[in-house]
Amino acid sequence: MITTDTPLQKQGRIIVENIIEKPETIVPRPNLQDYDETYRTFEWTSAYDRVEWNDCGRLNAAESAVDRHARSSRKHKVALYWQGADRNEKYTFLELSHLSNRFANVLTELGIEKRDRVFIFLPRIPELYVSFLGILKTGAVAGTMFSAFGPEGLYDRLHDSGARYLITNSALKGRVYEIRDNLPDLERIIVVDETDVAEDEVSYPEAMKKASETFDVAEMLPDDPAFMLYTSGTTGKPKGVVHRHLAIVQQHLTTEWVLDLHDDDIYWCTADPGWVTGVSYGILGPFSCGASVVVHDGRFDPDVWYSIIEQYRVTVWYSAPTAFRMLMRAGDVYKNHDLRSLRHICSVGEPLNAEIVHWGMRAFKLPIHDNFWQTETGGILIANYPSMPIKPGWMGKSIPGITAAIVDDDGNEVSPGVEGNLALKPDFPSLMLEIWKNPAKYQEYFMGGWYLTGDRAVQHEDGYFLFVGRADDVINTSGERVGPFEVESALIEHPAIVEAGVIGKPDPLRGEIIKAFVVLSDGYEASDDLESDVRRFVKTRLAGHAYPREFEVVETLPKTRSGKIVRRMLRAKELGLPVGDVSTLE
Ligand code: AMP
């Protein structure tokens, strides 16, 4: 590992060394130039041997991602280039393998058992990546969380999952202590940057120093759980989406097919592992392809972002529409950087407007390739491949192994060009294993042999899919999925608010912003001070991104006779659209 203590802006070009001892046999990939033929003949089972299995049909996604490369000619190749605010580090596959072995030993020493939940609450620092892999190696389930989460967001996840261990740092642990007494299952807090720790804490640096760098990686069944993330629906608290070790097969293949990673690529995924993209395509998929991954721990800043591409000579870049829109808004900043290393750009998480694709062509001389998937599907489903013509505004075609269709509300397929529910045959390896402790919720995703994404879309005769919108009230702000119910629950905890209804309001930059309609308690009056106080209140409770940017004080909220807030009426009113059927309203 090499550390440089100079700020990114002042550093010279970082020398990118990718030492590969001798070239490996090149495995020909299914020829997506011939999409129709590959799509017709492809079977997932034929791709199983692309990741490491043992003789008894067991695997471990961490082994498939990192350890097999640490045993191969790629062992001294850089797996992780980490760029912090004022220093950088790099780790080879062998180093990452040894460090994650050490962490697996630390957990074993603490008494970890298979299927225990271990949560990570860290910024994007190397310890996050090491501990994620180490957890998987023990057979436990890794849970990831954004470092922007407040105590309430943390409580929902740690309490529901029954997490036994939590890995965090000195700057973030205070938020955990605010709810610590209400987390009976949480045994130990592992602190990555302290040596002098409290009794129920573990010092990561001390424990890692003592731990061995060899470890017997747990051999898992394909359907054993590997990692989990919480995601929002329309109602209730966030749900724990659990993914299996087998998902790595799909993550591996889609990283090749869609992100087009080759051995000499330097790949930058801008997603945080608190979001599924940061796990499937920030850790498992790219490492499993033996690629060098760049991680940037820092806030969004167009100049810094372009510097990352320039300094690391990033060739493949995976980001999200809000980030591209913000870069587009920053104007000509890209002209100050040499971005000629880029050869492929992909986007996910929100609709990629045709305008951004055209801007990408002007700024980078490359098209931005859209692709579609969700937390629950664990891997890419629909994509514009490098080999395909791009239809700006369209998400692309389903990948081989995925049967996607548009169905009506009874599960019948509709004709091309007709809007309906985007559905999938639930027979692909990265589909979620379960919703944690909520089988009823899991069942709600399925109808008539289809998995329903909750999205509305249209399929053209040529096979391309066009995203229309969510079928439910879930909000997508800057690519983050936010459940209206969570925000409403946080709002009504504020003494000034009795009732709240929350909607996503279209926004040119963020896709949607959160707008709250609130009924005030007696004695309170609307004011700018009250608004900022409520905004701060929600922000610190839930997460940095999940707060309403707009408020409107109302006398009453539209409700059904059974008392449910009718958010579609709030949205119709906001956008000046027809309100639709009102027969069930109070
Ligand atoms: P998440 O589970 O947080 O990744 O959110 C998944 C949701 O984001 C999907 O159900 C869609 O509503 C939206 N989404 C993801 N990718 C795209 C895309 N390429 N175009 C439009 N919406 C997308």
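These numbers come from a predicted model, not from an experiment.

> What should I look at first to understand the domain arrangement of the chain in this one?
Many descriptions give the size of an interface as the accessible area lost when the pieces come together. For the chain, the assigned domains read domain 1 (16–51 + 245–469), domain 2 (93–240) and domain 3 (475–575). Between the C-alpha centres of domain 2 and domain 3 there is a distance of 32 Å. In this complex, domain 2 contributes 15 residues to the contact, which on the side of domain 3 involves 16 residues. Area buried by domain 2 at its contact with domain 3 is led by Glu152, Ser232 and Thr234, which between them contribute 42% of it. Seen at the junction of domain 2 and domain 3, the total is one salt bridge. We note a salt bridge from Glu152 to Arg541, for which the minimum N-O separation is 3.3 Å. Along the contact surface separating domain 2 from domain 3 lie seven residue pairs in polar contact (both at pLDDT 80 or more).

> I tried to follow the site of the ligand on my own but got confused; where do I start?
Contacts to the ligand come from 17 residues, most closely from Asp370, Asn371, Thr375, Asp455 and Arg481. Contact between the ligand and Gly349: a nitrogen atom at 3.2 Å from a main-chain N or O atom of the residue. Separating an oxygen atom of the ligand from a side-chain N or O atom of Arg470 is a distance of 3.0 Å. Contact with the protein chains removes 97% of the 500 Å² of surface that the ligand exposes when unbound. Going through the elements one at a time, β14 (368–372) and β22 (465–470) are the ones with two or more residues in the shell around the ligand. The element that contributes the greatest number of residues to the shell around the ligand is β14, accounting for three residues. Its residues assigned to classes, the shell around the ligand shows seven nonpolar, five polar and five charged.

> Would you mind showing me how to read the nonpolar core here?
Here is a general trend for soluble globular proteins: nonpolar side chains tend to be buried in one another's company. One finds Phe103, Leu284, Phe287 and Tyr318 to be the most contacted residues of the largest nonpolar core, which totals 97 residues. Top contributing element to this core by residue count: helix α4 (residues 126–138), with seven residues. Looking at which domains feed residues into this core, each of domain 1 (16–51 + 245–469) and domain 2 (93–240) supplies at least three. Those residues in contact with Phe103 that sit more than four places away from it in its chain are Val130, Ser131, Gly134, Ile135, Ile167, Ile190, Tyr204 and Met208. With 29 residues, the next largest nonpolar core counts Tyr306, Ile309, Val333 and Ile356 among its residues.

What counts as what
Residues numbered from 1 in each chain as written. Predicted model: local features only at pLDDT ≥ 70, side-chain atom pairs only at ≥ 80, totals over all residues. Heavy atoms only, no water. Domains from an automatic or database assignment. Contact = heavy atoms within 4.5 Å. Buried area = accessible area lost by both parts, 1.4 Å probe. Salt bridge = Lys/Arg side-chain N within 4 Å of Asp/Glu carboxyl O. Polar contact = N/O pair within 3.5 Å; in protein donor to acceptor, adjacent residues only side chain to side chain. Near = heavy atom within 4 Å. Areas by Shrake-Rupley, 256 points an atom, 1.4 Å probe, with all protein chains shown as cover. Helix = DSSP H or I, 4+ residues; strand = E, 2+ residues; numbered from the N terminus. Nonpolar A, V, L, I, M, F, W, Y, C, P; charged D, E, K, R; others polar. Core = buried A, V, L, I, M, F, W, Y, C linked by side-chain atoms within 4.5 Å. Buried < 20%, exposed > 50% of the residue type's maximum accessible area, 1.4 Å probe, protein only.

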